[in-house]
Amino acid sequence: MTPPPLGQCSQLLPSCFFPGAALLKSIARGRAWLAPSLITLVSICPAWGQAVPADAPPASDKAPVLQLERFTVTGSNIQMTAADADKGALPVDIVSAGRFQLSNAESFSDFMRNVPTITGGMNTVGNVENSNQGQTLNLRGFGANYTLVLVDGRRFAGEGVSADVSTIPANAIESIEILKGGASAIYGTDAVAGVVNIKLKHEYEGAEVLASYGNTTNKDAGVQRYALTFGQKHDKLSIVGSAEWQRHNSIYKFDRGVTKSRNWTYLGGNDKRNGTYTFIQRILGLPSAPAGLIIDPTKFSPGQTSLDPNSYVAVPAYEKQTTSEPEAWPAYRVFGTNWNLEYQVFDRRLVLFSSGFYQDQTVRFQFQPPIARVSVAANNPFNPFGLPVTVAYAFGGSEVPGNGPALNSDGTPHQANPANPAMDINDTQALSNTFGAKGTIGQFNYELSYSKFHREGRQTEQGDIDQTKAQAAVNAGTFNPFGYWANSPTLLGTLIMNPRQLWIDEYLNVLTAKVTGSLVQLPAGALRFAVGAENRSASWGINFDEGWRTINTLFHPPSAGNVNSSRSRSVNAYFGELRAPLWQAKDSGSFLTALEVSGAERKETYSRGKSVSIPQGSLRAAFLDDSLVLRASYSESFRAPTLANLNTPVTTTLNTISTVFDPVRGAALPFNLTQGGNPNLKPESGKNYDVGLVYTPKALPALTLKADYWNIKIEDVIVTPSLVDVMNGTSPVGSLTRDANLFPTINITISNAGEIAATGYDFGATYRMKPTAWGNLTFDLNGTYTNKFQSHFGSTITDYLAKVSNSYGEMPKLRAVFGVFWQRNQWEAALFLHQMSGATEPLGSGTRHVESYSTGDLQVSYNFKDSHAFRGFLRNTKVVLGVDNFWDEALPFVDSISEGWDRTLADFRGRYIYLELRKKL
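Residues numbered from 1 in each chain as written. Predicted model: local features only at pLDDT ≥ 70, side-chain atom pairs only at ≥ 80, totals over all residues. Heavy atoms only, no water.

A. Broad picture of the overall build of the chain. Along its length, the chain carries 12 helices and 45 strands. Long-range contacts, defined as pairs at least 24 residues apart, comprise 70% of the intrachain contacts of the chain with a sequence gap of at least 6. Accessible surface computed for the chain: about 38,700 Å², of which carbon and sulfur atoms make up 56%. (Helix = DSSP H or I, 4+ residues; strand = E, 2+ residues; numbered from the N terminus. Contact = heavy atoms within 4.5 Å. Areas by Shrake-Rupley, 256 points an atom, 1.4 Å probe, with all protein chains shown as cover.)

Below, the structure is given as structure tokens:
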């Protein structure tokens, strides 16, 4: 059948499938009539939807056609080729294993920090201090809870708990797919900002060992890494696996310019040193010295004491505490492994499989030197003032064996080599296993799988001073808090707390069944579908030992909120997806090459009976022999309150530490604080629009250009009200009540309030030069520009692109990566240039500019493929030398962030050099 003239097609286009956003929304909201509507659209224009004329010769009479392997790409359950995915209806970035290995590849999350679409708050091993949240991913800056993380296309981590990607062994990763638009109808209603799918190694034959070492050029942060990858295929059975071990040293804050002191006046910031707990032995409560006194360290040697009040001097400026913890990069070690087994029972018709991973990680995070804050009576034998005073006694590194690092009397670092320092030890073990059956029967593919994920975190706190023991020793007259290193190690050892522990357990069980394939052959191609059902159950629990309710340390006092609790939730889901080709040109002369629409629907029912249906729709149009592709998509999302949001107990306590200015009482004074969860929370709802194009010029087929506009909006956002806003009466949620004496009680229980909206553009370009005698060259550019990121709560509109916020971190407008790849014979090299734009932040009555952050990474490798050097020992050995941040870009200073630098985007290490050896056995 001959297609109608182009003019006739242009008359049909508006009525058939170009009513713009209205059509996309109607496709997305297809519900029960989605499938017949798509078929009807095709039947309206059968004349120009013909893919192959009826009188075409049989396939055997044509030249052989290369059959490209189809696989499932993030964003759809319907399989497609790699070429289809690159120019598909949804914007997907695919990071191959080769690209991952062009970095130091030590940590998945540290690699992802350089991905432009990852921004805002994100914890990584390289930037987190002491956190049980693990390492998380944050697309577009909305927060980790708005990014859905998958492993091999299956949900990862528990319901309402941010996925801790540190539990995935880096050596187990084959590739990474980043869907930069919403996909709630495909994978789960909470895929608001996008999806990150981590694909593990499933195909490998042979064995390879890896050894690498890396370190900074400024102080020690040594990283050792060893790994083994193996695979074997025998008849119907195939096995792939890997094992990896890593060990990282720590970096102290006083090893970097920005963090060595919180006095940032020389950088144009504020002096944020803490004057409450100072070094050394600060005496508080004297009417004659409101700022406090310390013993004069210039007149006394360690071990000396004095009962002369004149031996004490005013606290100098350098005695202010510079930081709450000494480490910025905590030491840790990791062991991980993964596996994939497949057994073909009936060729491809029935394949049994099992895949998973295990990881054991220990992070050792040091506290500051221990401090005992004690009250000393006027008649205490060590008290030289004859008045009741409070003393903040800072223990030096030489006082209690194993406690350090500390500060000397002049404020300079005193480094001990502690064997058992005051620290938190966070042990995390994670096990994920999936087993099931899959196969292909005719035009249909099926899969039935069961996945189980368990993450256990154990936090051990040790080596700090037990304030109760210290106070008892002062009362008994055995502990002298006025001296200068004046107590015996034996005595001080009795003041150390007993170790205490807490455990966090997280479980996720998912049973999934799905079928994909072709329904009917339409004139323009096959109408493809995917349907499935899913049941997932999740639980989260925390358990404290008795020490967390009884031991009193300065910065972690006992709390009534430290009670054992557990939460659980189950979800049943049903999903369907259709992809309909509306037009496929039969020759290369047509202006419109192909046209395709897709629609998806997902229904989820929660254990409390709440049900929600989420639609999604997309449109893809190809022109000029596929050289130009226009694409658009619309999706909705639904994010239920987390288990913690709903079930955290509501408590009211007296707050004397985090005081805020009270305009009624005219000072920053104590108050009662009510906080906790809210069982009446509404779910958050979101909408996501994407419109873009992919262009490959016919005259320059090695060049590909991409540009996409994205728009995300979330309503009924779940927030914890701001203390300051509630106190000032400007918060749309929360409440404040006062008793007869005007003493306030502030209620900041979690609530729904306002919306968050963001828009921006993603862009990319790839150019592959023709091979020359000098080798192969490829250029790649990938970036994102966020032109709006705002929150609207009540009458307050906050623009997070105009200032730095402690809630969302720095929101730079521009993030981009430019890469150059070169290969010639056994040589390979890669250069990456990373750019992050600056920002402004409030500073007193004005603002200051946060510098942009630009770094460069370089890697060179040589592969001794068939070398006979060293008697053939180097055969099949690849040597890799790399340097990250090779011009040693300094950390950008951010005054409004507590430690002065943006942990989410900047690398604390500075210049980092690594050497890697890979040998195939």
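B. Summary view of the nonpolar core. Counting residues in each nonpolar core, the largest one holds 47 residues, and the members touching the most others are Phe-108, Met-112, Phe-142, Phe-156, Ile-176 and Val-196. For this core, the secondary-structure elements that each account for two or more residues are helix H6 (108-112), strand E2 (147-151), strand E4 (173-179), strand E5 (194-200), strand E22 (500-522), strand E31 (703-715), strand E36 (755-768) and strand E37 (776-793). Excluding its chain neighbours within four sequence positions, the residues that come into contact with Met-112 are Ile-118, Leu-137, Ile-176, Ile-178 and Val-196. (Core = buried A, V, L, I, M, F, W, Y, C linked by side-chain atoms within 4.5 Å. Buried < 20%, exposed > 50% of the residue type's maximum accessible area, 1.4 Å probe, protein only.)

C. Layout of the sheet that holds strand E1 (residues 92-95). One open sheet accounts for five strands, arranged E1-E4-E5-E2-E3; its pairing is mixed. Looking along the sheet, the strands with just one partner apiece sit at the ends: E1 and strand E3 (154-155). In the sheet, E2 pairs with E3 via two bridges, with the strands oriented antiparallel. Across the sheet, Leu-150 pairs through a bridge with Arg-155, a residue of E3. (Pairing = 2+ DSSP bridges.)

D. Layout of helix H8 (residues 467-475). Of the positions making up H8, those classed as buried are Gln-467, Ala-470, Ala-473 and Val-474. The arc that holds the buried residues of H8, viewed along the axis, is 125 degrees, so those residues lie on one side. Buried residues along H8 sit against strand E16 (371-376). The N-terminus of H8 is capped by Asp-466, whose side-chain oxygen sits 3.0 Å from the backbone nitrogen of Thr-468. Just beyond H8, the residue with positive phi is Gly-477, at close to 75 degrees. (Arc of directions from axis to C-beta. Polar contact = N/O pair within 3.5 Å; in protein donor to acceptor, adjacent residues only side chain to side chain.)

E. Main features of the pattern of salt bridges. Taken as a whole, this structure holds 36 salt bridges when the rule is applied. Here Lys-698 and Asp-625 are joined by a salt bridge, their closest N and O atoms 3.0 Å apart. Of the two residues, Lys-698 is situated in the loop between strand E30 (684-695) and E31 and Asp-625 in the loop between strand E26 (611-623) and strand E27 (628-639); the sequence distance between them amounts to 73 residues. Residue classification places Lys-698 among the exposed positions, given a relative accessible area of 53%. The partner of Glu-715 in a salt bridge is Lys-713, and the shortest N-O contact between them spans 3.7 Å. A relative accessible area of 33% means that Lys-713 is categorised as partly exposed. (Salt bridge = Lys/Arg side-chain N within 4 Å of Asp/Glu carboxyl O.)

F. Seen up close, the environment of Asp-888. For Asp-888, the location among the structural elements is in the loop between strand E44 (877-884) and strand E45 (912-920). Judged by relative accessible area, which is 34%, Asp-888 ranks as partly exposed. Separated by 22 residues in sequence, Asp-888 and Gly-910 have C-alpha atoms that sit 5.3 Å apart. Aside from chain neighbours lying at most four places away, what touches Asp-888 is Gly-910 and Arg-911. Side-chain polar atoms of Asp-888 contact the backbone nitrogen of Arg-911, separated by 3.0 Å.

G. A look at the packing of aromatic side chains. Under the defined criterion, the tally for this structure stands at 23 aromatic pairs. Aromatic pair Tyr-226 and Trp-245: ring centres 6.0 Å apart, planes at 25 degrees, arrangement stacked. Of this pair, Tyr-226 sits in strand E7 (residues 223-234) while Trp-245 is found in strand E8 (residues 237-248), placing the two residues 19 residues apart along the sequence. Accessibility expressed as a relative area gives 31% for Trp-245, which makes it partly exposed. Site record: aromatic cluster; members linked through ring pairs are Phe-142, Tyr-146 and Phe-789. In this structure, Arg-99 is placed above the aromatic ring of Phe-832, and the distance from its NZ or CZ to the ring centre is 3.9 Å. (Phe/Tyr/Trp six-rings, centres within 6.5 Å; stacked < 30°, edge-to-face > 60°. Lys NZ or Arg CZ within 6 Å of the ring centre and 35° of its normal.)

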